Amino acid sequence: MDILIHLLVGLHIIGIAALLGGFLTQMKAMGAGTARFGPAMLHGAGTMLVTGALLVGLNEADDHHINTVKIGLKLVLLVVILALVYVKRDEETVDKASFGVVGGLTMANIFIAVLWT
Ligand code: HEM
C-alpha cells in the first residue's frame, strides 16, 4: 500500500506543477490583463482533487494519521481554485484579481502542506 501512496503523492505533485506552472508562466500576461486559465491549470486542479481524495482514503485504510483540519483547509482552498478555473476556462482573458487569487491560493496550499506538520 505504501508504494501506492508514494505514487499518488508523485501524481499530486505533478498536479501542483501543472496548476502552478500555468500561473507562473503567465504572470507577465496577468500584469497586462491578458492571462487565461489554460487546460493545464484546469487539469492540474482536477488532478489535485482526485489524488488528494485518494490519498485520504488510502492513508485512512492503512491506519496512517491524517490531519483532518489541514486537509479540510486545503480542500476548501482547492474548491475555490477549481471553481474559478472551471467557470472561466473558456474566457479569452481572465481579470487580474481572479488569476491572482488562483496563484495565491495554490501557493498558500503548498505552504499549508509543507509547514503544518
Ligand atoms: C492546490 C491544492 C493542493 C496543494 C498545493 C497540495 C500540496 C500537497 C503537497 C506539497 C503534499 C506533499 C507534502 C506532504 O506530504 O505534506 C501533499 C500531500 C497530501 N495532500 Fe495535498 N495539496 C492540495 C490539495 C489537496 C486536497 C484537496 C486534498 C484532499 C482532498 C489533499 C490531500 C493530501 C494528502 C492526504 C496528502 C498526503 C500527506 C499528508 O498526510 O498530508 N491535498 N499535498
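You'll find the structure just up there.
Structural notes, computed from the coordinates. What you see is a predicted model; the values in this text were computed from it and never measured. (Residues numbered from 1 in each chain as written. Predicted model: local features only at pLDDT ≥ 70, side-chain atom pairs only at ≥ 80, totals over all residues. Heavy atoms only, no water.)

1. Thoughts on the overall build of the protein chain
On a plain count of helices and strands, the protein chain comes out with five helices and zero strands. Relative to a compact globule of 117 residues, whose C-alpha radius of gyration would be 13 Å, the protein chain shows 15 Å and is just as compact. Taken along the three principal axes of its C-alpha coordinates, the protein chain extends 50 × 20 × 20 Å. Residues counted as buried form 35% of the 117 residues belonging to the protein chain. A separation of at least 24 residues holds for 82% of the contacts in the protein chain among residues at least 6 apart in sequence. Total accessible area on the protein chain is roughly 6700 Å²; 72% of this is exposed by carbon and sulfur atoms. (Helix = DSSP H or I, 4+ residues; strand = E, 2+ residues; numbered from the N terminus. Rg over C-alpha atoms; globule rule 2.2 N^0.38 Å. Buried < 20%, exposed > 50% of the residue type's maximum accessible area, 1.4 Å probe, protein only. Contact = heavy atoms within 4.5 Å. Areas by Shrake-Rupley, 256 points an atom, 1.4 Å probe, with all protein chains shown as cover.)

2. A look at the packing of aromatic side chains
Tallied over the entire structure, the rule returns two aromatic pairs. With a centroid separation of 5.5 Å and an interplanar angle of 25°, the aromatic rings of Phe23 and Phe99 are classed as stacked. Taken together, the positions of Phe23 in helix α1 (residues 2-24) and Phe99 in helix α5 (residues 96-115) put the pair 76 residues apart, joining distant regions of the chain. Measuring from centroid to centroid gives 5.3 Å for Phe37 and Phe99, while their planes differ by 20°, and the two rings are stacked. On the criterion of sequence distance, the pair formed by Phe37 in the loop between α2 (27-32) and α3 (39-61) and Phe99 in helix α5 is long-range, its members being 62 residues apart. A connected cluster of aromatic rings, assembled from ring pairs, spans Phe23, Phe37 and Phe99. Just above the ring of Tyr86 sits the side chain of Arg89; from NZ or CZ to the centre is 4.0 Å. (Phe/Tyr/Trp six-rings, centres within 6.5 Å; stacked < 30°, edge-to-face > 60°. Lys NZ or Arg CZ within 6 Å of the ring centre and 35° of its normal.)

3. Quick word on the coordination of the iron atom of the ligand
At this site the iron atom of the ligand is bound by His12 (NE2) and Lys74 (NZ), with donor distances of 2.0 Å. Coordination at the iron atom of the ligand is octahedral, judged from the six donor atoms that bind it and the angles of 79 to 178° they form at the metal. Separated by 62 residues along the polypeptide, His12 in helix α1 and Lys74 in helix α4 (residues 68-87) bring together distant segments of the chain. (Donors = N, O, S within 2.8 Å, 3.2 Å for Na, K, Ca; no water. Tetrahedral: all angles 85-135°; square planar, octahedral: opposite > 155°, others 65-115°.)

4. A closer look at unusual backbone geometry
In this structure, Asp63 takes a positive phi of about 65° despite not being glycine. Relative to the helices and strands, Asp63 resides in the loop between α3 and α4.

5. Side note on the packing of α3 against α4
Their axes nearest at 9 Å, the elements α3 and α4 cross at an angle of 155°. Classified by the interaxial angle, the pair formed by α3 and α4 is roughly antiparallel. Both α3 and α4 take part in a crossing whose hand is left-handed. Mapping the contact onto sequence places Met41, Leu42, Ala45, Gly46, Met48, Leu49 and Val56 in α3 and Ile71, Leu75, Leu78, Ile81, Leu82, Val85 and Tyr86 in α4. Among the residues forming the contact of α3 with α4, the class breakdown is 13 nonpolar, one polar and no charged. (Axes fitted to C-alpha atoms, helices over the stretch in contact; angles between N-to-C directions. Parallel < 35°, antiparallel > 145°, perpendicular 65-115°, else oblique. Left-handed = near helix turned anticlockwise from the far one by under 90°. Nonpolar A, V, L, I, M, F, W, Y, C, P; charged D, E, K, R; others polar.)

6. A word on the packing of α1 against α3
For the pair α1 and α3, the least separation of the axes is 8 Å and the interaxial angle reads 155°. Compared by their axis directions, α1 and α3 come out roughly antiparallel. Of the two possible hands of crossing, α1 and α3 adopt the one that is left-handed. Counted together, Leu4, Ile5, Leu8, Val9, Leu11, His12, Gly15, Ile16, Ala18, Leu19, Gly22 and Phe23 of α1 and Ala40, Met41, Gly44, Ala45, Thr47, Met48, Thr51, Gly52, Leu54, Leu55, Leu58 and Asn59 of α3 form the full contact between these two elements. Among the residues forming the contact of α1 with α3, the class breakdown is 16 nonpolar, eight polar and no charged.

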